[in-house]
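Here is how the chains run, residue by residue.
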Amino acid sequence: QVQLVESGGGLVQPGGSLRLSCAASGFSFSMYGMSWYRQAPGKERELVAAITSAGWLTNYADSVKGRFTISRDNAKNTVYLQMNSLKPEDTAVYYCNAKSPKGRGYWGQGTQVTVSS
């Protein structure tokens with residue numbers, strides 16, 4: 001059974017930091033590219049950051065470049081999103097996504113991040 005379980009969300013003040021984790025099971029994690037998406041109320045889901053299967057390449061949305069860092073630990077079947085200098089506009093539900101080279105994909109259930117004073 002495929003599972004992607006996100007954790008680490010919560011309420012943080014502007015300028016603060018959070019580290020999201022996504023624990024994967026039920027598939028060959030090291031063969032999948034991993035991504036973080038987010039969806040704010042009334043908005044479409046958008047790509048935040050992505051990392052290739054071996055972790056050599058990453059890419060980021062312009063809105064988070066220099067503030068967020070995606071990483072992965074294939075020995076732990078986990079992908080992370082370190083979020084620094086958080087802004088109110090980063091408030092959203094953050095989702096973990098896995099995609100195989102053949103295009104098969106899986107989603108987690110999401111974790112809420114709220115940036116507010």
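Only a predicted model underlies this, so the values are computations on that prediction, with no experimental measurement involved.

1. A word on the overall build of the chain
Here's step 1: If you tally the helices and strands in the chain, you get zero helices and 11 strands.
Here's step 2: Secondary structure elements in the chain, listed N-terminal to C-terminal, are β-β-β-β-β-β-β-β-β-β-β.
Here's step 3: Relative to the 2.2 N^0.38 estimate, which gives 13 Å for 117 residues, the radius of gyration of the chain is 13 Å and therefore close to what a compact globule would have.
Here's step 4: By principal-axis analysis of the C-alpha atoms, the chain measures approximately 40 × 25 × 25 Å.
Here's step 5: The 117 residues of the chain split such that 41% are buried.
Here's step 6: Contacts spanning at least 24 positions in sequence make up 53% of the contacts within the chain whose residues lie at least 6 apart.
Here's step 7: Measuring between centres, the 12 positive side-chain charges of the chain sit 7 Å from its 7 negative side-chain charges.

2. Brief notes about the state of the cysteines
Here's step 1: Applying the stated criterion to the full structure yields one disulfide.
Here's step 2: Shown here is the disulfide that connects C22 with C96, its sulfur atoms set 2.1 Å apart. Looking down the S-S bond of the C22 and C96 bridge, the torsion is -80°, so its handedness is left-handed. Residue C22 is found in strand β3 (residues 18-25), and its partner C96 is found in strand β9 (residues 92-99); the two are separated by 74 residues along the sequence. When sorted by exposure, C22 lands in the same class as C96, which is buried.

3. Here we look at the side chain of N97
Here's step 1: Note on placement: N97 falls in strand β9.
Here's step 2: According to the relative accessible area criterion, N97 is buried, its value standing at 6%.
Here's step 3: From its side chain, N97 meets the backbone oxygen of Y106 in a polar contact 3.1 Å long.
Here's step 4: Those residues in contact with N97, other than ones at most four positions away along the chain, are L4, G33, M34, S35, Y37, Y106 and W107.

4. Looking at the environment of E89
Here's step 1: With respect to the element layout, E89 can be found in the loop between β8 (78-83) and β9.
Here's step 2: Take E89: its relative accessible area is 57%, and that puts it in the exposed class.
Here's step 3: A sequence separation of 75 residues divides E89 from P14, and the C-alpha atoms of the two residues are 9.6 Å apart.

5. Some details on the pairing of strand β7 (residues 68-73)
Here's step 1: Burial along β7 is one-sided: the face carrying F68, I70 and R72 is buried and the face carrying T69, S71 and D73 is not.
Here's step 2: The pairing of β7 with β8 spans six bridges and is antiparallel. Residue F68 lies in a different strand from β8, and its bridge partner there is M83.
Here's step 3: Between the antiparallel neighbours β7 and β8 lie four residues, among them N77 with a positive phi of about 50°.

6. Focus on the environment of E44
Here's step 1: Along the polypeptide, E44 turns up in the loop between β4 (33-39) and β5 (46-51).
Here's step 2: A residue is classified by how much of its surface remains accessible, and E44, at 72% relative accessible area, is exposed.
Here's step 3: As for E44 and M31, which are separated by 13 residues in sequence, their C-alpha atoms are 28 Å apart.
Here's step 4: Sequence-distant contacts of E44, defined by excluding residues within four places in its chain, comprise R38 and Q39.

Cut-offs and rules
Residues numbered from 1 in each chain as written. Predicted model: local features only at pLDDT ≥ 70, side-chain atom pairs only at ≥ 80, totals over all residues. Heavy atoms only, no water. Helix = DSSP H or I, 4+ residues; strand = E, 2+ residues; numbered from the N terminus. Rg over C-alpha atoms; globule rule 2.2 N^0.38 Å. Buried < 20%, exposed > 50% of the residue type's maximum accessible area, 1.4 Å probe, protein only. Contact = heavy atoms within 4.5 Å. Lys, Arg positive; Asp, Glu negative; His and termini not counted. Charge placed at Lys NZ, Arg CZ, Asp CG, Glu CD. Disulfide = S-S within 2.5 Å. Polar contact = N/O pair within 3.5 Å; in protein donor to acceptor, adjacent residues only side chain to side chain. Pairing = 2+ DSSP bridges.

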